There are 2 protein chains.
Amino acid sequence: MAVEFTVLKTASDSPARLGLLKTPHGVIETPVFMPVGTQATVKTLTPLELEEIGADIILSNTYHLYLRPGSDLIKEAGGLHQFMNWQGSILTDSGGFQVFSLGKLRKISEEGVEFRSHLDGSKHFITPEKSVEIQMDLGSDIAMVFDECAPYPADYSYVKKSTELTYRWAERCKARHNREDQALFGIVQGGVFPDLRRQSAAQLVDLDFPGYGIGGLSVGEPKPLMYEMLEEIMPIMPQDKPRYLMGVGSPDCLVEAVLRGVDMFDCVWPTRIARHGTVMTRRGHLTVRNQTFARDFMPIEEDCSCYACQNFSRAYIRHLFKANEILGLRLATIHNLTFLARLMADVREAIRQDRMQQFRDQFFAEYAG
Amino acid sequence: MAVEFTVLKTASDSPARLGLLKTPHGVIETPVFMPVGTQATVKTLTPLELEEIGADIILSNTYHLYLRPGSDLIKEAGGLHQFMNWQGSILTDSGGFQVFSLGKLRKISEEGVEFRSHLDGSKHFITPEKSVEIQMDLGSDIAMVFDECAPYPADYSYVKKSTELTYRWAERCKARHNREDQALFGIVQGGVFPDLRRQSAAQLVDLDFPGYGIGGLSVGEPKPLMYEMLEEIMPIMPQDKPRYLMGVGSPDCLVEAVLRGVDMFDCVWPTRIARHGTVMTRRGHLTVRNQTFARDFMPIEEDCSCYACQNFSRAYIRHLFKANEILGLRLATIHNLTFLARLMADVREAIRQDRMQQFRDQFFAEYAG
């Protein structure tokens, strides 16, 4: 088995659970947030800094790496871990989400997706098999099946057809996958339609994947609808397999989704807002580049142990942003990822002590979004 | 005394010397190259990384900090060291060079220079006294007098008048300076005219500064002319005071200038070319972003101990540059500054062993520029 998942504890009053995910590159405590390293680097950071932040697993993007530098080159380098010198675990997405986001530049058929590169306009055709082959070349610890992520809003018949296509593609991905040191996760789709979600979950579970992504959420639908979909599928999902809510990374959603039984998350948002000068705190976001902080010589968060908070003031970080200095992007990124790593550690501790509901209430009493 | 300088050894066959420069923030072995942190940050790096690179002293720019975030704000933060959290030494320039570089945006008079900010067009007037006051607010270990840096080429009469103005301004700077934990260095000007250089040196030495900048070189003149000017003034410069060749940072010039008796250097060039994907090696520059290195899985330099060379390949760094990833800028910057720190350490060792001429010959046998 490329990955082994052990549930250490399930909360008594919710599906929240504490787990251990073992990959060829280490053991990851869940629930976990995975920082995103789209182009074989978590933007602005070194692997060493990721370790210091406490990241055990990162996500990287198949679509981007396939186009640049090319999965053949990465294979030649000895795989993605070796290429980017990251000793921890890596999950790669399938490229599906990126390809579908290309809009007019892509054309979907039963066989796969034809698209034009956003870099040079060159034409490519990705099939489920091809996506798996690329991910096997990259050598990630966890690969994802090639799925169609239906947009929101989309009508029932479109989502139904799309979800069925995703299922057939999942079968084809599974048939093609043969790398023993890599796990291939299925992806549950179904938009915001409870019956399609349940159907997709049941079908995917039938294929017996070692883990399951939950895709097509956090794509514009109201948050309560996302939580409802999680509640619909959770009873169908196997207890002994990890559940990964794709593309979710705002603190409130993380807490709510953990309560509903999710184990893994990823999102570009925390690192993206960091690069725009917004930092995360227990009380909500803080736009550190604002004039308000020009003479604020306090750290971003007083009780934060990150390198940014231990060494620099809001005034200095604001100056760096105003002066377009890269160190500002670095410090804000380090802080936001540390904030999320710490939030997830607190969440795990709350589950361990079986007080996750209480943790959630305390969290929202303070958190302003 | 804010700084103490001790010559440990002078070469037997050249003016090259090994020294120790003591400031309130540490002891610096000379000859030394000072990385430039224009806006209170050495671009892309943390203070921790600068320490790891072996930097004991950095340069920061008065003109930039005066305009943004403002020297009053930095004073309020507890000074520049505190603001940017740098425990090592800091030398600030006077702002003169930057102001004169503004071209049409500035007007020089006996009293000082009127100029418009490159940021917002606001009008400012900097006098020698004002420059010293700003630098006292910044609290650098070494401040520089406000000088006029004559352009190259410039005719004799212009440079003569300019050099005399620089002398009168140096007197005014000295009269205004009263911070005991900060040293104020004079600056020798005189363009490429031997008699003006000698006159400037003699006049500045009469004012008895604790150290001397050599300004107005490396501004476009041929390198042999720069070396000639150094040879002209060196017999006039006091043996027991540090000599700082301003704005010089290419490896060949460093080696040649050390041989002619220079102790300190600074330059933005090594970090600037790094951010454009060019790295320094013993054999000369290497444009790591070039196609040639796409599948080159060797480090930038095999025997280099820097974080970039110890952990990443040329292929990976090239990928980072092609993909516009900040980590590329960071790694190239770390390498170039490590390269220069190492070159200067080698230079010091050569002087210690009294084989600096031999070191220079070996250096140029390998170095292609």
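Residues numbered from 1 in each chain as written. Chains lettered and ligands numbered in written order. Predicted model: local features only at pLDDT ≥ 70, side-chain atom pairs only at ≥ 80, totals over all residues. Heavy atoms only, no water.

Each side of the interface is counted separately: chain B has 37 residues, and chain A has 37 residues. Among the residues chain B hides against chain A, the three largest losses belong to Arg295, His319 and Glu325 of chain B. Together they make up 17% of the total. Remark: the boundary between chain B and chain A carries 8 salt bridges. Among the ionic pairs, Glu49 of chain A bridges to Arg330 of chain B, the shortest N-O distance being 2.8 Å. Where chain B touches chain A, the interface holds 22 residue pairs in polar contact (both at pLDDT 80 or more). Breaking the side of chain B that touches chain A down by element, the ones donating at least two residues are α1 (47-53), α3 (71-76), α4 (80-84), α12 (307-311), α13 (314-322) and α14 (326-352) of chain B. The greatest single-element share of the side of chain B that touches chain A, amounting to 5 residues, is contributed by α13 of chain B. (Contact = heavy atoms within 4.5 Å. Buried area = accessible area lost by both parts, 1.4 Å probe. Salt bridge = Lys/Arg side-chain N within 4 Å of Asp/Glu carboxyl O. Polar contact = N/O pair within 3.5 Å; in protein donor to acceptor, adjacent residues only side chain to side chain. Helix = DSSP H or I, 4+ residues; strand = E, 2+ residues; numbered from the N terminus.)

This next bit is on the relation of the copies chain B and chain A. Taken together, a rotation about one axis and a shift along it account for how the two chain copies relate. Once turned by 180 degrees and shifted 0.0 Å along the axis, chain B lies on chain A with an RMSD of 0.0 Å. Such a turn and shift between the copies fits a two-fold axis. By C-alpha distance to the rotation axis, the residue of chain B lying nearest is Ile326 of chain B, at 3.9 Å. In this assembly the copies share their binding face: 100% of the residues contributing to the interface of chain B also contribute to that of chain A. (Least-squares fit on C-alpha atoms with pLDDT ≥ 70 in both.)

Looking along a regular strand, one sees side chains alternate from face to face of the sheet. Residues and elements named next belong to chain A. The alternating pattern of strand β5 (residues 57-60) places Ile57 and Leu59 on one face and Ile58 and Ser60 on the opposite face, and all of these are buried. Relative to strand β6 (residues 89-92), β5 is paired through 4 bridges, and the arrangement is parallel. Looking at the pairing, Ile57 lines up with Ser89 of β6. (Buried < 20%, exposed > 50% of the residue type's maximum accessible area, 1.4 Å probe, protein only. Pairing = 2+ DSSP bridges.)

Counting all residues, the mean pLDDT for chain A is 97, and 100% of those residues have values of 70 or more. Here the predicted complex scores 0.98 on pTM and 0.98 on ipTM. (pLDDT = per-residue confidence, 0-100.)

Here we take up the environment of Gln353 of chain B. Residue and element names in this part refer to chain B. Looking at the secondary structure, you find Gln353 in the loop between α14 and α15 (356-366). Among the residues examined, Gln353 registers a relative accessible area of 44% and is labelled partly exposed. Sequence separation of Gln353 and Leu67 is 286 residues, and the distance between their C-alpha atoms is 46 Å. A distance of 2.6 Å separates polar atoms of two side chains, one belonging to Gln353 and the other to Glu349. A polar contact is formed between the side chain of Gln353 and the side chain of Arg355, at a distance of 2.7 Å.

Before going further, it helps to spend a moment on helix α8 (residues 194-206) of chain B. All names here are of chain B. The end-to-end C-alpha distance of α8 is 18 Å, a good match for the 18 Å that 13 residues give at a rise of 1.5 Å each. Listed in full, the buried residues belonging to α8 are Leu196, Arg197, Ser200, Ala201 and Leu204. One side of α8 carries all its buried residues, which in axial view fall inside an arc of 135 degrees. In this structure, the buried residues of α8 make contact with α7 (156-176), β11 (183-188), β12 (212-214) and α9 (223-233). (Expected span 1.5 Å × (residues − 1). Arc of directions from axis to C-beta.)

Our focus in this paragraph is the environment of Lys43 of chain A. Residue and element names in this part refer to chain A. On the secondary structure map, Lys43 appears in the loop between β4 (32-34) and α1 (47-53). For Lys43, a relative accessible area of 26% corresponds to the partly exposed category. Sequence separation of Lys43 and Glu133 is 90 residues, and the distance between their C-alpha atoms is 26 Å.

As a general point, the strands of a sheet are linked pairwise by backbone hydrogen bonds and lie either parallel or antiparallel. Residue and element names in this part refer to chain B. As summarised here, the arrangement of the 3 strands in space is β7-β8-β9, forming an open sheet in which the pairing is antiparallel. The open sheet has two edge strands with one neighbour each: β7 (106-108) and β9 (123-126). This sheet shows a mean twist of 15 degrees between the axes of neighbouring strands, independent of strand direction. Judged from the 4 bridges that link them, strand β8 (residues 113-116) and β9 form a sheet pairing that is antiparallel. When the sheet's bridge partners are listed, Glu114 is paired in β9 with Phe125. (Axes fitted to C-alpha atoms, helices over the stretch in contact; angles between N-to-C directions.)

All names here are of chain A. Under the counting rule described, the total for this entry stands at 21 aromatic pairs over all chains. Relative to Phe193, the ring of Tyr156 has its centre 5.1 Å away and its plane inclined at 80 degrees; by these criteria the two rings are edge-to-face. Here Tyr156 is found in helix α7 (residues 156-176), whereas its partner Phe193 is found in the loop between β11 (183-188) and α8 (194-206), with 37 residues between them in sequence. Classification of Tyr156 by relative accessible area gives partly exposed; the value is 33%. (Phe/Tyr/Trp six-rings, centres within 6.5 Å; stacked < 30°, edge-to-face > 60°.)

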